[in-house]
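# Summary of the model geometry
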Amino acid sequence: MWQRRAFLQAAGAGFAASLLPRQALALERTELVFASAVQTASGGYGAVLLGEAGELIASIALPDRGHDITLSREAGRGVVFARQPGTFAVVFDPSGREAPVTLTSVAGRHFFGHGVFSPDGKLLYATESDFEAAQGVVGIYDAADGYRRIGEFPTYGTGPHEMLLMPDGVTLVVANGGIETHPDYGRTELNLETMDPSVVFIDRRDGGLVGQLRLDSGLHQLSIRHMAIDGRGRVWFGCQYRGAPSESPQLVGYASMEGEIRLIELPPGPLADLRNYVGSVAASADGATIAVSSPEGDLLVAIDVEGKRPVLAQTLRNGCGLAPDGAGFVASSGLGELIGMAGAARETKHFDFQFDNHLLRVG
Amino acid sequence: MRLMIIAALMLAFAGAASAQETTPGEVLHAAVVDVIRPNMLRLDAGARGLDSAMTALCAVPSQDGVAIAAQQFRQVVGAYGKIDFLRIGPLMEDNRADRLLFWPDRRGIGLKQVQAILAEEDATATDLAGLRAKSVAVQGLGALEFVLFGTGAESLTDATGAFRCAYGQAIAGNIAGMAKEMVALWYVPGGIADHLQSPQADYADYRSETEAMEALVGLVSHGLEGLRDKHLLPFMASDGGPAKPKLAAFWRAGMTMEFVRANVDGMAELVARSGMARAVGEANQGLDNSIQFEFRNATRALDLVTLPVEAAVADDKQAAALGYLVLVTGSLQAMVGEQLPTALGLSVGFSSLDGD
């Protein structure tokens, strides 16, 4: 059960946690739980856990806007990362037995909103920015020592965004979006002319570069941001285009540790409706389908990974969060909706909070 | 009887007021016709004047010629300040936003490149085609500011500055060319102006009035963020750190605050003349007044900043006014970026806000 007092003690002034007593047991009973950062109706920020039926199980308040959440069964912890260029991450116990820990980025670094645990749950990795040098780094945190930051290694690019652990348990894959930002200038993008996005594979044991893949140089303004891994271990990615709005480059592709990287051909209709902006990417439970979303274009697209073609396009106003659900996906929206797609039979639920860009399947 | 007549008149007025609620179509039309196009035309006129002034200066270098060019530059800075936040369509095509003003330039890349062109007297920078092939940072207002006001600008008054002047002339021609292109694109039949005013489901840019309104409101919301993050906070003192006035746009020309004022005026004008905050239901009828009140607060703060930026940040009262201006931009952003979209039933502001 979530410990309200422990949350409050850990978080200090201005950081509140709430527990819904009638639903506290649901967390332990339910088999499927989703987590997401949210904005509340009053304008505050938090994170929520939802049960199988979309019922709200628990919520915590955050000091500012969160972004993605990662979870480790082995560590028994989840982590909400601040949206870039945020400087906090909150480590929480989904069972509520332990108090959450708020991490603060070290001087000269900020978080990018994404991270991942090692397979044994002992280490937490976070994408961060060395903003003076305009270089991405992976911050390493020791779970056994209160999530103390014990080191970092480079992401071999600028503006790293999502990071995943490959099925081998050793290799991290990082999407270097290629966009330089600096806290002195808020979220202003400083290098659109010279962007250099890439997908990199990094050996998490020593930070060594296993491989770095780039799209054609003519696509240097195609920022690679979000990823999911299919059943064959290929890394599917979704892009956001920073070139002229009248241009419509392909936005979805895949990369492999064998060195392949390519964009797939989405038909003109769905491609146009993605509005040069893919906000999240998820793989189905069986790894046979990838879903991508565009809150700019109000569109969700499911893609068959073998045929490399879309099998479904569905509208969801301001839809962005995606998570696997049975044979299909659950999608969440910035207007507070939670719906099923691509084979997930699920009643649409409406909440009085707005979902942030990512939805995590916890259980 | 008299009371009944008054009551009937009041009801009639109430009905008329209700019927006069601004529609999205009227907002979009007014934004294009009353605000965007006129401001593009002003930039075009100013840029043509600047082009002429640079041509005249290069033909007959003189102190007067430099003064005239500087005055024309001032007009263009002000005119550009009013459209810098209109980041849709023509300004975002062909890298025009960066080519007109590469800012911020945190690493001073543009400055180094401009200085290299001047030091090497790179002749390819003095013709339009050659200049357009170069880095966006050496093609626009920032580069021309250095030519006119940077180290060595005194050479423009005689023949020793011939190369510098020719480079400046090419930049002015480039700016004028872009301004002319943008005017043409905002007037071309079937172009962005038509799409924005009369969205269609099969248009690639604006499929519905809702999307067009989201784009319009987003211009102001993002514009306020850009004003604060690119043109105010970087040079102001913070967290005990000193002010850095040389991180302000146009500090060499002494036009930093003129640009900021033009930017504020441009956004206020778009909100007021388009009536975007009047296209709301009865419960939110006060929002338009609140937004305009806050824009007037921004203007009042700007009225207090009378010194060049280097002196202003060192003056307690004027630095405080700048701090207040930052607060006002935050308040305006909350109104335009959060309250107004909600009141209009739009979704500017959360998942789709930007780049994550």
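Here the structure is shown first, and the text comes after it.
Structure report, in brief. (Residues numbered from 1 in each chain as written. Chains lettered and ligands numbered in written order. Predicted model: local features only at pLDDT ≥ 70, side-chain atom pairs only at ≥ 80, totals over all residues.)

### A word on the overall build of chain B
Across its full length, chain B carries 14 helices and 0 strands. Along the chain direction, N to C, the helices and strands of chain B fall in the order α-α-α-α-α-α-α-α-α-α-α-α-α-α. The principal-axis extents of the C-alpha atoms in chain B amount to approximately 85 × 50 × 45 Å. Looking at chain B residue by residue over its 356 residues, the buried ones come to 45%. Contacts in chain B between residues far apart in sequence, at least 24 positions, make up 74% of those at least 6 positions apart. (Helix = DSSP H or I, 4+ residues; strand = E, 2+ residues; numbered from the N terminus. Buried ≥ 20, exposed ≤ 12 C-beta atoms within 10 Å, placed from the backbone. Contact = placed C-beta atoms within 7 Å.)

### Here's the deal with the nonpolar core
Within the largest apolar cluster, 106 residues are counted, with the highest numbers of intra-cluster contacts made by L50, F73, V76, Y80, I171, I175 and L216 of chain B. Ranked by residue count, the leading element in this core is helix 2 (residues 24-59) of chain B, at 14 residues. Each of domain 1 (24-197) and domain 2 (209-344) of chain B gives at least three residues to this core. Among all residues touching I171 of chain B, those that are not within four sequence positions of it are L131, Q139, G140, A143, L144 and V147 of chain B. Y45, A89, L164 and W236 of chain A belong to the second largest nonpolar core, which has 93 residues in total. (Core = buried A, V, L, I, M, F, W, Y, C linked by C-beta atoms within 7 Å. Domains from an automatic or database assignment.)

### With respect to the packing of helix 2 of chain B against helix 11 (residues 256-274) of chain B
Residues and elements named next belong to chain B. Contact pair helix 2 / helix 11: the axes reach a minimum separation of 8 Å and the direction vectors enclose 145°. Classified by chirality, the crossing of helix 11 by helix 2 is right-handed. Across the interface between the two elements, V27, A30, A31, D34, V35 and N39 from helix 2 touch G266, E269, L270, R273 and S274 from helix 11. Here the contact of helix 2 with helix 11 is built from residues that sort into 5 nonpolar, 3 polar and 3 charged. (Axes fitted to C-alpha atoms, helices over the stretch in contact; angles between N-to-C directions. Left-handed = near helix turned anticlockwise from the far one by under 90°. Nonpolar A, V, L, I, M, F, W, Y, C, P; charged D, E, K, R; others polar.)

### As for unusual backbone geometry
The omega torsion of the bond from Q84 of chain A to P85 of chain A falls at 0°, within 30 degrees of zero and hence cis. Here P85 of chain A shows up in the loop between strand 6 (77-82) and strand 7 (88-92). At the junction of W103 of chain B and P104 of chain B, the peptide bond is cis and its omega measures out at 0° in the coordinates. One non-glycine residue, Y147 of chain A, lies in the positive phi region at around 60°. Overall, the presence of 20 C-beta atoms within 10 Å leaves Y147 of chain A in the buried class. Positive phi outside glycine occurs at N318 of chain A, with the angle close to 60°. Relative to the helices and strands, N318 of chain A is located in the loop between strand 24 (309-315) and strand 25 (319-325). By C-beta crowding, N318 of chain A is classed as buried, having 26 other C-beta atoms within 10 Å.

In short, shape yes, function no, at least from these values alone.
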